[in-house]
Structure formats: structure tokens, C-alpha cells
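Chain by chain, the residues run as shown.
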Amino acid sequence: MIYLDYNATAPADPEVIEAMKPYFNELYANPSSIHTPGQKAKQAVEHSRAILAQFLNTRVDEVYFTSGGTEADNLAIKGLAFSRNKRKKIIYSSIEHHAVMNTCKYMAKFGYEVIAVPVDKYGVVDLDFIRDKIDDNTLIVSIMHANNEVGTIEPIKEIAQIAHKYGAVFHTDAVQTVGKLRIDFKESGIDMLSLSGHKFYGPKGVGALIVKKGLRFDPLLHGGHQEKNHRAGTENVPGIVGLAKACELAQKEFPQEEKRLRQLRDKLWREIDSRIPEIQLNGHPETMLANTLNISVKYVEGESLILNLNAAGIYASTGSACSSGSLEPSYVLLAMGIPAEVAHSSLRFSLGRWTGQEDIDKVIEVLPGIVEKLRAMSPLYKK
Amino acid sequence: MIYFDYQSSKPVDPRVIESMLPYFDKKFGNPSSLHKIGDEATEILDHSRQAVAKFINAKPEEIIFTSGATESNNLALIGFALRNKHKGNHIIISEIEHISLHNIAKYLQKNGFEITRVPVDFYGQIDLDALKDSITDKTILVSINYANNEVGTIQEIAEIGNLCRERGIAFHTDAVAAESQIHINVEDNKIDLMTLSSNDIYGPKGVGVLYIKKGLRLNPIIIGGGQEFGLRSGTENIPGIVGMKTAAEIMEKEMDSEIATLKVYQKKLIQGVLDNIPDSYLNGHPEKRLANNVHFRFDGIEGESLLLALKDKDISVSTGSACSSKTLEPSHTLIALGLVHEEAHGSLQLTMGRFNKPEDIDTLLNLLPGVVKKLRGLSPLYKES
């Protein structure tokens with residue numbers, strides 16, 4: 001099997017699984033219990049929090065564990081909005097993940113003006129548009145660190161500066177970058193950052209929201225006093241331990257792994273570009289995640305490509321896994337100004353820790369034939 | 001180590017762990033992906049939904065996977081209240097709900113809902129007449145736990161279900177304390193919404209379920225990719241969900257024999273303590289209580305000192321809900337039962353489970369009278385009657 005859909009989800013690293021195991025049935029107590037096993041569970045949670053803090057250069061008390069990236073995004077935006085009521089404008093980008101986009105749109109029901117920032121043809125947000133729309137009434141600017149479909153990395157430092165000039169909070173969905181890029185929370189100017197375990201070899205069902213000290217926000221889930229009263233529910237101790245282990249592993253492989261993936265990805269693009277006519281790269285030629293390659297193979301449906309690759313044991317995607325179920329072309333590609341028919345022909349390869357040279361070679365070998373076969377059936381394609 | 005705090009947290013059954021492991025790194029797909037790895041994930045997600053549905057006699061499409069019982073309670077109450085507020089703004093809960101439910105109710109109260117907290121009797125049973133009387137034409141939801149998480153009292157769920165159905169009011173029950181001790185049938189008991197936790201049936205933490213009767217409308221709390229029929233977004237926690245499936249399957253098969261064993265332990269503990277320790281009492285109902293639960297109070301001592309003394313002997317117990325154990329307030333449940341502060345503070349909760357052995361009970365019964373006596377010797381308040 002050749003798995004090239006790491007942006008959708010990644011397998012948990014064997015070391016992550018090993019780290020979690022004892023917390024299922026040996027150190028299984030509730031961290032809120034005051035007996036010895038409870039205190040050991042509490043220590044495991046707090047130790048994990050310290051690892052995350054060190055990994056992202058945050059304070060320990062800025063780390064809040066959640067059930068994943070989507071919950072973290074909801075907590076950031078709703079939590080902030082419901083704890084304040086003066087500022088009534090929310091700015092996000094037109095290529096945000098659904099977790100941010102739908103949450104921002106939802107806030108319109110509560111009297112917020114929600115503004116989607118356009119992006120250029122590379123998927124980079126329009127900073128002038130933000131400058132033009134932002135004002136003293138702006139509560140939050142939420143722009144993703146890197147896009148999940150095309151891999152474009154956004155200029156978050158500059159966005160943070162613009163936001164801060166108007167006293168707005170800057171939130172970034174960093175689900176696609178944590179573990180892939182070095183992030184220095186303090187230095188970057190980010191106020192709130194969402195991350196998810198399973199995108200960088202941690203377990204599913206766990207994530208975190210990092211919140212700059214002093215920033216007030218309401219909980220999304222009410223109940224016990226966990227996470228300093230900001231996220232109720234018994235802590236998912238094995239998941240939290242697994243997430244921390246994933247951070248440690250990512251830390252170790254900086255920056256060699258990024259270099260390795262970039263070489264593989266670049267080779268993949270170079271080779272298929274030279275073998276397949278009329279294909280295009282979607283995304284930024286340089287400021288892009290090293291593991292992501294999004295292309296459009298004109299005159300062919302992305303879905304047909306996926307299914308044919310699937311039959312050859314190669315697992316790729318047409319874009320976001322979360323919208324793969326729908327027949328709509330990718331809203332991210334449309335926002336980049338790509339025509340609908342070209343967006344429909346998009347194909348995403350996302351590489352990861354277990355992607356090897358031979359996997360890439362296999363795709364290079366197989367893809368041209370698949371494209372040729374599909375194009376031969378296409379009434380639109382003329383050689 | 002002897003563990004008597006199964007209500008706070010349970011070890012994951014080794015069979016459950018085995019079933020989860022392949023889904024971390026071999027069958028690790030995202031169910032939303034179109035390829036084979038994604039399809040496999042979708043398939044096991046569907047199977048898991050069926051298994052959990054069968055466990056409570058529900059339909060698969062009535063099962064929503066969440067990150068745990070607290071999230072399920074939030075979704076049930078807040079999600080239902082916000083979606084149905086045009087029908088009324090009154091919600092009834094009991095005085096002895098889990099802290100998550102109490103805090104959710106407070107949140108709704110701040111947001112324009114009226115909350116009635118129905119009292120319980122000395123044994124922890126809901127006053128059904130008070131419940132009936134508190135219903136108004138603005139009542140949209142009643143939420144009463146299936147069994148109490150502290151004293152283990154089981155409620156008359158079928159009667160409450162009937163009453164609510166007759167009056168056209170939705171009925172939610174937090175079944176976390178009950179799910180390992182009672183075969184739950186949502187259909188027979190006319191339950192509309194029910195909270196389950198994976199860990200409470202020896203599954204992993206970080207997973208739960210909200211059962212939503214078909215036709216009921218709720219607003220989601222976590223929005224995004226539209227997973228779980230649009231009611232709970234976020235990539236599904238497949239290993240966790242598979243763990244809950246296995247846990248439900250095992251529990252379904254083994255519950256009866258497990259309850260039989262727990263009842264023996266329970267009887268032995270209750271008799272052993274009440275017979276051998278003077279001025280000791282059982283909190284909660286003598287019969288209508290969960291088989292895994294005993295809850296005592298002892299005149300003249302603090303539950304916390306007892307907990308610490310037993311901790312020194314490597315025995316883990318509780319003085320009440322783990323979720324509120326950090327506060328110095330006495331348990332709201334015990335106060336609702338009519339105990340005064342000193343009585344509530346002198347309480348000890350023991351919850352047993354699948355991995356307790358008969359020797360655990362013997363060890364505790366051998367130690368406890370001496371520990372209580374020693375602590376009472378230090379207390380200026382206690383005089384033997």
C-alpha cells in the first residue's frame with residue numbers, strides 16, 4: 001500500500017502507541033482523584049502539558065487539551081466571542097477549514113459581521129483586504145497557518161501585527177503545520193492556536209488550543225473543573241500522553257524530515273510534470289508545505305483519478321477529506337480563482353513519515369498511464 | 001494496589017485494548033477519505049455504531065459518538081434547549097445530577113432558561129410527585145440520571161419516561177453510572193436522549209455517546225466538517241470508537257455474571273462495615289442501588305482523612321465524585337439526601353468493578369475498623385455511643 005493522504009490523517013507512530021499503552025490499564029485513574037493512582041494520572045497530564053509548552057514555546061498554563069482540532073477551533077472562536085460582547089466583527093479567510101469557516105459563519109446568527117478574506121492565485125490571503133476591513137470593532141482574525149488542500153503557508157506574523165494594531169485577537173488553525181514546521185508561539189504573535197494529534201502521528205481524538213496568557217474565553221463544554229475550568233470532561237490521559245510523544249518525535253526530526261519530504265515531493269512534481277501534458281500545480285511554488293502536492297490534471301475528474309489510483313494500491317485525495325464526500329469542486333481552489341472544471345480535476349498527494357523513494361517512483365510510473373486512459377475516454381480532451 | 005474507585009475511572013479491558021491497537025497505525029484511515037483506507041474506517045465506524053445501538057436497543061442512526069460523557073451531556077441539554085426554545089424555556093433536572101449537568105443547567109439559566117431542580121428523598125430517589133408538579137406548559141426537557149454516580153441509587157426511569165412521553169416533554173438521562181450495571185433499553189423506558197461513557201464500560205477515555213431518538217432536533221455544539229450526521233464535527237476517533245464497540249459487546253455478554261459477583265461483594269462489605277464499625281451508616285438506597293456501589297458515613301471522622309489513611313495502605317477510594325473532589329464543599333448529592341455537613345464530610349464511597357478480587361474485600365474489611373477507630377481516637381468530636 002502506498003499512502004499519500006497524510007494531510008487527511010496519519011498513522012500513530014509506534015512510539016506514540018507504546019507511550020500510550022500503560023495509561024489504558026495500568027495508570028488508568030481519573031486525574032481528579034486524590035488517591036495515589038489519580039495523582040499519577042494527573043502528573044502524566046501535566047508532564048504532557050509541559051512537553052507541548054516546550055515544543056511550541058508557550059507557557060505551560062497556555063495549553064488547553066481538547067478532543068481535537070475541530071473542538072479547538074470552536075473553542076477559540078465561540079469561547080472568545082461569548083466571553084465578550086463589544087467587538088462585533090470576525091475576519092477569516094475564504095480557504096479556512098470547515099471547522100473555522102462554519103464556526104465563523106455560525107457567529108453571524110449572534111449579530112457578528114463575518115468577513116471572508118480573499119486569496120490570490122497561490123492561495124495567499126490578501127493582506128490589503130484585511131487592512132481595509134479591520135477596525136476597532138474587530139474581535140478576531142482567524143487565518144490558518146497553512147492550507148490543508150494546497151499547502152500554501154500564510155504570512156501569519158504580518159497578519160498578527162495587523163490584528164494587534166486594532167486590538168483584535170489573532171487565531172490560527174495550525175492543524176496542518178504543527179509537527180511539520182517549527183512554531184514559536186511567543187515570537188510569532190499568535191494569540192490562539194489550534195492543533196490536532198492525528199495529523200502529526202499522534203492519536204485521533206486529542207488536540208489542543210494554545211491561548212495567550214491573560215486572554216479570557218468561555219468554555220464550550222461545561223461541567224467539571226478540568227483544564228482550569230475551560231474544558232470540562234475527564235482528561236483523555238492516554239491520548240494526551242500520545243500527543244506529547246508525537247511532539248517529542250517531531251522535535252527530533254526537525255529539520256531533516258522536512259528536507260527529505262521536500263525532495264520527494266519536488267521529484268514527484270518534476271517527473272509527472274514532464275510526463276503528463278496539461279497539468280498544473282495548485283498552490284504556491286515556494287511558500288508551501290514540503291509534504292503537499294496539489295495538481296490539476298485537465299480533462300479528467302479528480303475522483304476518477306483517486307479511484308484508479310486506489311485500484312493500483314495508491315491512496316491519494318481530491319482535497320480536503322472532510323469535503324470529499326460532496327460533489328462540489330473544492331472551495332479552496334475556487335477561491336484561488338481556478339475555474340470549476342480545473343478544480344474538479346484536482347488531485348492531492350500528501351507525503352509523510354513512511355513515504356519512501358519507491359512510493360514516489362511507483363506513482364511516477366503509474367499515474368501517466370491512468371491519465372492517458374481516462375483522457376482517452378474524455379470527450380473534452382484532444383491530443 | 002487495591003482499587004475501589006471504579007466510578008471515577010475504570011481500567012480499559014485488555015480485550016478492548018487489543019481490538020483498538022490495529023486502528024492506531026494499520027487501519028488508521030479518515031472515514032471521510034474516498035480511498036480504501038478511508039472506506040475501512042467508515043466500515044468499522046458503522047459496525048461500532050451498530051454495536052452500541054444494540055447495547056441499548058436503539059437504531060444505529062440514533063447513536064452520535066462524542067469525546068465523552070461531559071460532551072454528551074452538553075450536547076443533550078444545550079443542543080436540545082437552543083434548538084427547541086421556541087417551544088418553551090423550562091428545563092427540569094434533579095438535585096443529584098452529575099456536576100457536569102448542574103453546571104450546564106447554570107449556563108442555560110444565564111442564557112434565559114428556567115431550571116427546576118427536583119428534590120430527592122433520603123435514599124436518593126426522585127420525588128415523582130414533585131416532578132409532576134414542576135412541569136409547566138413551558139417545560140421542554142427533563143434530565144434525570146439513570147442512577148446516581150455517588151450513592152448509586154437507581155431511579156424509576158420507566159415511570160419518568162412514561163410521564164414525559166405523556167406530556168410531550170423530551171426525557172434525557174445520564175446513564176454513565178448505570179451502563180455497566182443495568183441492561184438499558186431506551187425503547188421500553190421511553191428515553192429520548194441518553195448519555196453514555198466508553199470508560200464506564202471498560203472502554204477508553206475520550207469517547208462517549210449521545211443517543212438521540214429519531215426525530216428529535218438538536219443544534220450541534222462542535223461544528224465543522226459535518227461528521228456524525230452534522231451533530232458533531234471533527235475527525236472520528238476511530239480507535240476510541242472501536243474500543244467502545246468492543247467494550248459494549250463484552251459488557252452485554254458479561255454483565256449478568258459480573259453483577260452477581262459484585263452483589264456478593266456489596267453484601268459482604270455492607271454487612272462487614274455496619275456490623276463491625278460502630279456508628280456507621282449506609283448512604284443511599286438499601287435495595288435500589290447499583291451492585292458496584294457502597295457508600296458509608298462514619299460519625300466523628302472526615303472522609304478525606306479516611307481516604308488518606310487508606311491511601312497509605314495502597315487502597316484507592318473516594319469521598320464522592322472525582323470531578324468535584326478538589327473542592328472543600330461537601331457533596332451536593334449527600335446534602336440533597338438530607339445529610340448535614342458533618343455527616344456528608346464523614347462519607348466514604350467504594351465502587352467496585354471487573355478486576356476486584358474477593359481478597360480485596362477481605363483486606364478492606366480487615367483494615368477499615370482499625371483505621372476508623374484510630375481516626376476517631378484523634379477526633380475531639382467523637383464519643384462512642
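Residues numbered from 1 in each chain as written. Chains lettered and ligands numbered in written order. Predicted model: local features only at pLDDT ≥ 70, side-chain atom pairs only at ≥ 80, totals over all residues. Heavy atoms only, no water.

S.K.: Please provide a residue-by-residue account of the overall build of chain A, values included.
M.R.: Looking only at helices and strands, chain A has 15 helices and twelve strands in total. Rg of the C-alpha trace for chain A: 21 Å, near the compact-globule value of 21 Å for 383 residues, within the 12% margin. Expressed as lengths along the three principal axes of its C-alpha atoms, the size of chain A is roughly 70 × 50 × 35 Å. For chain A, the proportion of its 383 residues judged to be buried stands at 66%. Sequence separation of 24 or more characterises 73% of the internal contacts of chain A that already satisfy a separation of 6 or more. Looking at chain A, you have 45 positive and 46 negative side-chain charges, and the mean spots of the two groups are 3 Å apart. (Helix = DSSP H or I, 4+ residues; strand = E, 2+ residues; numbered from the N terminus. Rg over C-alpha atoms; globule rule 2.2 N^0.38 Å. Buried < 20%, exposed > 50% of the residue type's maximum accessible area, 1.4 Å probe, protein only. Contact = heavy atoms within 4.5 Å. Lys, Arg positive; Asp, Glu negative; His and termini not counted. Charge placed at Lys NZ, Arg CZ, Asp CG, Glu CD.)

S.K.: An account of the overall build of chain B is requested, with residue identities and associated values reported.
M.R.: Helices and strands together make up the secondary structure of chain B, namely twelve helices and twelve strands. Since a compact globule built from 385 residues should have a radius of gyration of about 21 Å, the 21 Å found for chain B is in line with a globular shape. Its C-alpha atoms give chain B principal-axis dimensions of about 70 × 50 × 35 Å. Here chain B holds 385 residues, and 64% of them are scored as buried. Taking all contacts inside chain B whose residues are at least 6 apart in sequence as the whole, residues at least 24 apart take part in 74%. Approximately 14,200 Å² of chain B is accessible, and the part contributed by carbon and sulfur atoms is 50%. The positive charge centre, built from 41 side chains, and the negative charge centre, built from 51, are 3 Å apart in chain B. (Areas by Shrake-Rupley, 256 points an atom, 1.4 Å probe, with all protein chains shown as cover.)

S.K.: Explain the domain arrangement of chain B to me, using residue names and the numbers behind them.
M.R.: All names here are of chain B. Split by domain assignment, chain B resolves into domain 1 (2-6 + 254-372) and domain 2 (14-250). The straight-line distance from the C-alpha centre of domain 1 to that of domain 2 is 27 Å. Each partner contributes residues to the interface: domain 1 has 34 residues there, and domain 2 has 34 residues. In total, domain 1 and domain 2 occlude about 2,800 Å² of area from one another, counting both sides; carbon and sulfur atoms represent 56% of this. If you look at where domain 1 meets domain 2, you find two salt bridges. Of the charged contacts, one joins R15 and E254 as a salt bridge, the two residues approaching to 2.7 Å between their closest N and O atoms. Of all the secondary-structure elements, those providing two or more residues to the side of domain 1 that touches domain 2 are α8 (238-276), β10 (293-298) and α10 (332-336). Here the residues of the side of domain 1 that touches domain 2 sort into 13 nonpolar, 14 polar and seven charged. (Domains from an automatic or database assignment. Buried area = accessible area lost by both parts, 1.4 Å probe. Salt bridge = Lys/Arg side-chain N within 4 Å of Asp/Glu carboxyl O. Nonpolar A, V, L, I, M, F, W, Y, C, P; charged D, E, K, R; others polar.)

S.K.: Any chance you could break down the pattern of salt bridges for me, citing the residues and the numbers?
M.R.: Applying the stated criterion across every chain yields a total of 34 salt bridges over all chains. One salt bridge connects D61 of chain A with R59 of chain A, and the closest N-O pair in it is separated by 2.9 Å. A relative accessible area of 37% means that R59 of chain A is categorised as partly exposed. One salt bridge connects E61 of chain B with K214 of chain B, and the closest N-O pair in it is separated by 3.4 Å. Of this pair, E61 of chain B sits in the loop between α3 (36-55) and β2 (63-66) while K214 of chain B is found in the loop between β8 (208-212) and α8, placing the two residues 153 residues apart along the sequence.

S.K.: Explain the packing of aromatic side chains residue by residue, including any values.
M.R.: Enumeration according to the criterion identifies 17 aromatic pairs over all chains in this entry. Taking the centre distance of 6.5 Å and the plane angle of 10° together, the rings of F55 of chain A and F200 of chain A count as stacked. Taken together, the positions of F55 of chain A in helix α3 (residues 36-56) and F200 of chain A in the loop between β7 (192-196) and β8 (207-211) put the pair 145 residues apart, joining distant regions of the chain. Both residues of the pair, F55 of chain A and F200 of chain A, count as buried. When the centroid spacing of 6.1 Å and the interplanar angle of 40° are considered together, the rings of F296 of chain B and F298 of chain B count as tilted. Classification of F296 of chain B as buried rests on a relative accessible area of 0%. An aromatic cluster is built from Y3, Y6, Y201 and W354 of chain A together with F28 of chain B, whose rings are joined through pairwise contacts. Here the basic side chain of K88 of chain A rests over the ring of Y112 of chain A, its NZ or CZ set 4.4 Å away from the ring centre. Just above the ring of Y202 of chain B sits the side chain of K10 of chain B; from NZ or CZ to the centre is 5.7 Å. (Phe/Tyr/Trp six-rings, centres within 6.5 Å; stacked < 30°, edge-to-face > 60°. Lys NZ or Arg CZ within 6 Å of the ring centre and 35° of its normal.)

S.K.: I'd like to hear about the environment of G234 of chain B, residue by residue, with values.
M.R.: Among the secondary structure elements, G234 of chain B is positioned in the loop between β8 and α8. The class for G234 of chain B is buried, based on a relative accessible area of 11%. Along the sequence, G234 of chain B and T66 of chain B sit 168 residues apart, while their C-alpha atoms lie 9.5 Å from each other. Sequence-distant contacts of G234 of chain B, defined by excluding residues within four places in its chain, comprise T70 of chain A together with Q227 of chain B.

S.K.: Explain the pairing of β8 of chain A to me, using residue names and the numbers behind them.
M.R.: Residues and elements named next belong to chain A. Of all five residues making up β8, five are buried, and the element is well covered by its neighbours. Burial of β8 is two-sided: the residues G207, L209 and V211 facing one way and the residues A208 and I210 facing the other way are all buried. Across four bridges, the pairing between strand β2 (residues 63-66) and β8 is antiparallel. Following the sheet pairing, F65 is matched in β8 by A208. Across five bridges, β7 lies against β8 in antiparallel orientation. Note that in β8 the partner of L193 across the bridge is I210. (Pairing = 2+ DSSP bridges.)

S.K.: Residue-level account of the sheet that holds β2 of chain B, with values.
M.R.: Remark on secondary structure: sheet strands pair via backbone hydrogen bonds, oriented parallel or antiparallel. Residue and element names in this part refer to chain B. Taken together, the seven strands give an open sheet; going across it, the order is β2-β8-β7-β6-β5-β3-β4, and neighbouring strands pair in mixed fashion. The outermost strands of the open sheet, each flanked by one partner alone, are β2 and β4 (114-118). Across the sheet, the mean angle from the axis of one strand to that of its neighbour is 20°, orientation sign disregarded. Pairing of strand β5 (residues 139-143) with strand β6 (residues 170-174), which is carried by three bridges, proceeds in the parallel orientation. From the neighbouring strand, L141 faces β6, where its bridge partner is A170. Lying over the sheet, α3 contacts β2, β7 (193-197) and β8, oriented at roughly 110° with respect to β2. (Axes fitted to C-alpha atoms, helices over the stretch in contact; angles between N-to-C directions.)

S.K.: How would you explain helix α12 (residues 302-311) of chain A if you had to name every residue and give the values?
M.R.: All of the buried residues in α12 of chain A are G302, L305, I306, N308, L309 and N310 of chain A. Against the buried residues of α12 of chain A lie β10 (292-297), β11 (314-315), α14 (340-344), β12 (346-350) and α15 (357-377) of chain A together with α3 of chain B. Backbone geometry just after α12 of chain A places G313 of chain A at a positive phi near 80°.

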